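Breakdown of the fold
The primary structure of each chain is shown beneath.
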Amino acid sequence: MAIIVTGASGLLGQALVGALTEEGEQVVRLVRRPPTSGDESLWQPDKGLVDQAVLEGAEAVVHLAGAGLGEHRWSDAYRREIVDSRMSGTRTLVTALKGLNRPPQLLLSASGAGFYGDTGDRVTDESGPRGEGFLAELCERWEAEARKAEQAGIRTAQLRTAITLSARGGALKQLLPVFRMGLGAPLGSGRQWWAWISLDDWIRAVLHILRNRGIEGPVNVAAPEPVTNKEFTTALGRAMKKPTMPIAVPGFALRAGLGGLADEGLLIGQRAVPSKLLDSGFRFLHPTLDEALAAVL
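One structure accompanies this document, and this report is about it.

Analysis parameters
- Residues numbered from 1 in each chain as written.
- Predicted model: local features only at pLDDT ≥ 70, side-chain atom pairs only at ≥ 80, totals over all residues.
- Heavy atoms only, no water.
- Pairing = 2+ DSSP bridges.
- Helix = DSSP H or I, 4+ residues; strand = E, 2+ residues; numbered from the N terminus.
- Contact = heavy atoms within 4.5 Å.
- Axes fitted to C-alpha atoms, helices over the stretch in contact; angles between N-to-C directions.
- Buried < 20%, exposed > 50% of the residue type's maximum accessible area, 1.4 Å probe, protein only.
- Core = buried A, V, L, I, M, F, W, Y, C linked by side-chain atoms within 4.5 Å.
- Salt bridge = Lys/Arg side-chain N within 4 Å of Asp/Glu carboxyl O.

Quick notes on the sheet that holds strand β4 (residues 49-50)
- With respect to topology, eight strands assemble into an open sheet ordered β4-β3-β2-β1-β5-β6-β8-β12, the strand pairing being mixed. Only two strands of the sheet have a single partner each, and these edge strands are β4 and β12 (217-221).
- Pairing analysis gives three bridges linking strand β2 (residues 27-31) to strand β3 (residues 40-44), with the strands arranged parallel. The partner of V31 across the bridge, within β3, is L42.
- Across the sheet, helix α1 (residues 11-22) touches β1 (3-6), β2 and β5 (60-63), and the angle it forms with β2 is around 155 degrees.
- Running at roughly 170 degrees to β5, helix α3 (residues 76-98) makes contact with β1, β2, β3, β4, β5 and β6 (106-112) of the sheet.

Remarks on the side chain of Q158
- Examined against the element boundaries, Q158 turns out to sit in strand β8 (residues 155-161).
- Given the relative accessible area of 1%, Q158 is considered buried.
- Among all residues touching Q158, those that are not within four sequence positions of it are S109, S111, E143, R147, G217, P218 and V219.

Let's talk about the nonpolar core
- If you look at the biggest cluster of nonpolar residues, it comprises 43 residues, and the most contacted ones within it are L108, W202 and L210.
- Top contributing element to this core by residue count: helix α6 (residues 199-211), with eight residues.
- Filtering out sequence-adjacent residues up to four positions away, L210 remains in contact with I3, L20, A60, V62, L106, L108 and R155.
- In this structure, V227, A235, L254 and L293 belong to the second largest nonpolar core, which totals 20 residues.

Brief notes about the pairing of β3
- Note that β3 and β4 share two bridges and pair antiparallel. Residue Q44 lies in a different strand from β4, and its bridge partner there is L49.
- Here β3 hands over to β4 after four residues, with G48 in that stretch at a positive phi of 75 degrees.

Observations concerning the pattern of salt bridges
- One pass over the structure, following the stated rule, counts 13 salt bridges.
- One salt bridge connects R29 with D39, and the closest N-O pair in it is separated by 3.0 Å. Of this pair, R29 sits in strand β2 while D39 sits in the loop between β2 and β3; the two residues are ten residues apart in sequence, bridging distant segments of the chain.
- Residue R29 is classed as partly exposed on the basis of its relative accessible area, which comes to 22%.
- Classification of D39 by relative accessible area gives partly exposed; the value is 30%.
- Of the charged contacts, one joins R33 and E40 as a salt bridge, the two residues approaching to 2.7 Å between their closest N and O atoms.
- When its relative accessible area of 37% is taken as the criterion, R33 is described as partly exposed.
- A relative accessible area of 9% places E40 in the buried class.
- Among the charged side chains, a salt-bridge network with shared partners connects R29, R33, D39 and E40.

Here you go:
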């Protein structure tokens, strides 16, 4: 019984495939280019095409595919690509899963802590309401599309992933060169809350959800102690033994360079906590930011 993974070329997908393979799991990666090995299968989500034979009898599908949020300035065209890549891929998978004679036990689909919009100082868990904004609305639609697999008797869970810390990719990789030069600084007010998780704990959380049939629905994949952006800046400077700038980067400068990514991904944040993971007995390797940064760096 294979575990099927989309988005396997990304930071999270590569790490997850490696961990599953080390544990002796059979993994099949859905790829959008001609397959080059026996553990790959071609799919074309924009055309609604996927090989149902690969999905038949699988143990689980982990769906991580989608255009990256931090790789480009958010023009109107790139916003459409962000939406279309998530909705078409999820719709293609769910349609195929609903047509199987032996569907997998679980569809584990990506989402994001951006579901909650800007929480301010309010703590939120999976029972919290959807926030406002582009990402919040996208996450709601994305999750709703994934939940349609429940019509085929498939357990579904949605990974509301926080900022995932790894020196190999993601937000932290982009911050490291700036901090190495001693130019790290808070962003905007610095008071916005950032939910975060180490890459190791993200992998362990996904494996935990795969193995625990009682976990379903949205799951905050975040460490138990979110921090403000100012606290994050101070902790990263301390971990790198570099000074940080006392003056914050103004919001207008970030907006000029990054467009909507600044407003939705940097200048607001979520004080999100992982109630479902903790209630199910999950224990974090790196529960505090200082521990996570020490392990990552």
